[in-house]
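Here is how the chains run, residue by residue.
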Amino acid sequence: MQELINKANVLVEALPWIRQFYGKTIVIKYGGNAMVEEHLKEGFARDVILMKYIGLNPVVVHGGGPQIGKSLRRWA
């Protein structure tokens, strides 16, 4: 029961932000550890889906500095 109360409290806190950004495009940088750790990848995907469901327009841009560097070293 406490978990449900906690979730409800988070949603109540988020409501002013949801109203403020409803219909807006939100740019999200995706990179670093979030791209390599499975639990972070899953959490990121859930968050982006939630943003879309509540009326935001998320746009994901690739950060990926370490991954790009690794790829470039392979080609050098």
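As a starting point, this report considers the structure included with it. (Residues numbered from 1 in each chain as written. Predicted model: local features only at pLDDT ≥ 70, side-chain atom pairs only at ≥ 80, totals over all residues. Heavy atoms only, no water.)

### Quick notes on the overall build of the protein chain
Cut-off, in case you're wondering: Secondary structure is summarised from DSSP: a helix means a run of H or I of at least four residues, a strand means a run of E of at least two, and numbering begins at the N terminus for each. Atoms considered for the radius of gyration are the C-alpha atoms alone. The globule rule reads 2.2 Å times the number of residues to the power 0.38. In these tables, accessible area is a Shrake-Rupley quantity obtained with a 1.4 Å probe, and a residue counts as shielded only by the protein chains included in the view.
Counting its secondary structure elements, the protein chain contains three helices and two strands. When the helices and strands of the protein chain are placed in sequence order, the string is α-β-α-β-α. What you see for the protein chain is a C-alpha radius of gyration of 16 Å, clearly larger than the 11 Å of a compact globule of 76 residues, by over 25%. Seen along its three principal axes, the alpha-carbon backbone of the protein chain occupies a region of about 55 × 30 × 15 Å. Carbon together with sulfur atoms contributes 64% to the accessible area of the protein chain, which is approximately 6,300 Å² in total.

### Re the layout of surface pockets
Using the following cut-off: Buriedness of a pocket was judged along seven lines, with at least five required to meet protein on both sides within 12 Å; pockets are open sets of points on a 1 Å grid over the protein atoms alone, cavities are sets where a 1.4 Å probe fits but cannot get out, and lining residues have an atom within 4 Å of a point. Grid points are joined across faces, edges and corners, and a volume is the space filled by probe spheres set on the points. Three classes are used: nonpolar for Ala, Val, Leu, Ile, Met, Phe, Trp, Tyr, Cys and Pro, charged for Asp, Glu, Lys and Arg, and polar for all others, with Gly counted as polar.
Estimated volume of the largest pocket: approximately 150 Å³. Lining the largest pocket are Leu11, Ala14, Ile18, Ile26, Asp47, Leu50, Met51, Ile54 and Leu56. Elements that contribute at least two residues to the lining of the largest pocket include exactly helix H1 (2-21) and helix H2 (38-53). Of the residues contributing to the lining of the largest pocket, the split by class is eight nonpolar, no polar and one charged.

### Some remarks on the nonpolar core
Across soluble globular proteins, you tend to see nonpolar side chains buried next to one another. Let me state the cut-off plainly: Buried residues of nine kinds, namely Ala, Val, Leu, Ile, Met, Phe, Trp, Tyr and Cys, make up a nonpolar core once their side-chain atoms join them within 4.5 Å. Throughout this description, buried means an accessible area under 20% of the type-specific maximum (1.4 Å probe, protein chains only), exposed means over 50%, and partly exposed covers the range between.
Among the nonpolar cores identified, the biggest contains five residues, and these are Ile28, Tyr30, Met35, Phe44 and Val48. Every element with two or more residues in this core is listed here: strand S1 (25-30) and H2.

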